[in-house]
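# Coordinate analysis (summary)
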Amino acid sequence: MVGTLYFFALLSSTLAGSVGLWSEGDARNGTGGGSGVRCACDAFLPSSTFPMKDLVVVEQTAVEIYHKLELEMGKMEDYETKLAAYAEQIIKLTVEIEKMEKNPDAYNDADIDEIKVEIKQVEALIKELQLSIRGSTTVFESLRVQITAMVGTLTELEKTHDKNVVLATRREYIKVQLQLDECERRHQELFNPNIGSCAHTGIIKVSKPIVSQLNAHLTANYKYGGWGKDSKPVPDRESMYWFSGYTSSAIVDIRFYTNYKNLILRNHFQHHNIHNGWTGYGNNFIIRDNTLYYQINSPFGLAKLNFTTMKYESRVISKASNRFSYVNSPNQNFDFSADESGLWVTYATDESNGRMVIAKINELSFGVEEEWLTSVYKPMVNNAFMVCGVLYAVKTVDIQNEEIFYKFDTKTKQESSMSVLFERFQEKYSNLDYNPTDQKLYMYNDGYYVNYHLWFNHTAKATVEPPVLLA
């Protein structure tokens, strides 16, 4: 600006007469040399200069918030791992204490002191975790205050000064705010999951495998089977778990446990053998509304067993083929799933050349309500499950990892590729299902009970500028 004014001053000094901003001094403007004539001009400068210092403070604050968010998001992973580990320690201590209560004479004072020390250690670890969680909440609140202050500063700068630089900084602020929203969302999903909600655009992350223990038979030979919770539990059975395992893909019996503790203790309250002629196959079975949904081979079709009435039913889907199964599991021609919107089954047909078909099942009539044809070839898939009316297909990536690589939305009839990796605990698995009551994946992994937390993209509204920035 000063340079420009200086240029105009030089230019104007060569012109005769009065021009624009020029005014007379003690003598009139003229060109006479040595006549004492003087030139004067009025320079109009802005009333204030751009407060670069304020902008620098905002930029430094944004960098500081970014690093804090990275730290807090790392803590989310740590909290998840610690919670699973502490839960396992508590279960094991509970088992030991119950053994002591049943047979106190078998333990001496040293054994009791050792248990006391372990209890104190777990208490200390839990208190430490509680303090960390409270600390994270405090950090989030502090970051919100900092960001609110940044909004005020940037809004004032934008109103008063050059917008080009401010808007660039503002875009950086939006990124930081979205990161904060993401961190808070993951914190909320881990500690206060929005169970039953489908207000998201799909799965964006799967946790590390949480391994409970070896199956109820305490042998890895029972590689086939499944475990989990009722996806639509009847009253007073909200905490119930179930397990069914065998040395082949046949389904011959099922055990029920009142809660997770009794599952770990192998203390079932019900044990049902499947009647002759109703033996199941394929391992992709589920429990919903106290009813087992599974595949039978004679006749080839769907079957269900209501444990309240102990009544069996079957249905034949004429187009379904027994030629197409998942990669690692024989006889998995029908795969039952349950999600927030109801009961589903997937299969392939000769007509579809092995491509997977999704069918919505009416739970009362046990008939097919609607079908959707996908483009994914079933023999290339390891397993699949449904979440909020969306099919997710999984395949093996390497000796350690699986990948959710495909999804099909039954509401929009749109399909797309995706890539969400997660680890296996053991090499192969025969059952993988989503449960809407806790938003977890349950895997039966070479005889082990394994589950995973899921993270969903709840940030659809936050991917555009928040309303506060649009004012």
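We now turn to the structure provided with this report.

Calculation criteria
- Residues numbered from 1 in each chain as written.
- Predicted model: local features only at pLDDT ≥ 70, side-chain atom pairs only at ≥ 80, totals over all residues.
- Heavy atoms only, no water.
- Helix = DSSP H or I, 4+ residues; strand = E, 2+ residues; numbered from the N terminus.
- Buried < 20%, exposed > 50% of the residue type's maximum accessible area, 1.4 Å probe, protein only.
- Contact = heavy atoms within 4.5 Å.
- Core = buried A, V, L, I, M, F, W, Y, C linked by side-chain atoms within 4.5 Å.
- Pairing = 2+ DSSP bridges.
- Axes fitted to C-alpha atoms, helices over the stretch in contact; angles between N-to-C directions.

## Structural notes on the environment of Ile296
- Here Ile296 shows up in strand 11 (residues 291-297).
- Assessed through its relative accessible area of 3%, Ile296 is described here as buried.
- Non-local contacts of Ile296, meaning those with residues more than four positions away in its chain, are made with Trp278, Thr279, Gly301, Leu302, Ala303 and Ser314.

## Looking at the nonpolar core
- Ile203, Phe385 and Ile404 are the most contacted members of the largest nonpolar core, which has 21 residues in total.
- Secondary-structure elements contributing two or more residues to this core are strand 3 (203-206), strand 18 (383-387), strand 19 (390-396), strand 21 (414-423), strand 22 (431-435), strand 23 (440-445) and strand 24 (448-456).
- Top contributing element to this core by residue count: strand 24, with 4 residues.
- Among all residues touching Phe385, those that are not within four sequence positions of it are Ile203, Ser337, Val390, Leu391, Tyr392, Val394, Ile404, Leu432, Asp433, Tyr434 and Leu441.

## Topic: the pairing of strand 4 (residues 210-214)
- Burial within strand 4 is extensive, with 4 of its 5 residues counted as buried.
- Relative to strand 24, strand 4 runs antiparallel, the two being bridged by 3 bridges. Bridging from a neighbouring strand, Leu214 pairs with Tyr448 of strand 24.

## A short note on the sheet that holds strand 8 (residues 253-257)
- Taken in spatial order, the 4 strands make up an open sheet running 5-6-8-9, and their pairing is antiparallel. The open sheet has two edge strands, strand 5 (224-229) and strand 9 (270-273), and neither has a second partner. Taking each pair of neighbouring strands and ignoring which way they run, the sheet shows an average axis angle of 15°.

## Some details on the sheet that holds strand 20 (residues 401-409)
- Strand order in the open sheet made by the 4 strands is 18-19-20-21, with antiparallel pairing throughout. Only two strands of the sheet have a single partner each, and these edge strands are strand 18 and strand 21. Going from strand to strand, the sheet's axes swing by 25° on average, the running direction of each strand aside.
- Alignment of strand 20 against strand 21, held across 8 bridges, turns out to be antiparallel. Directly across from Glu403, in strand 21, lies its bridge partner Leu421.

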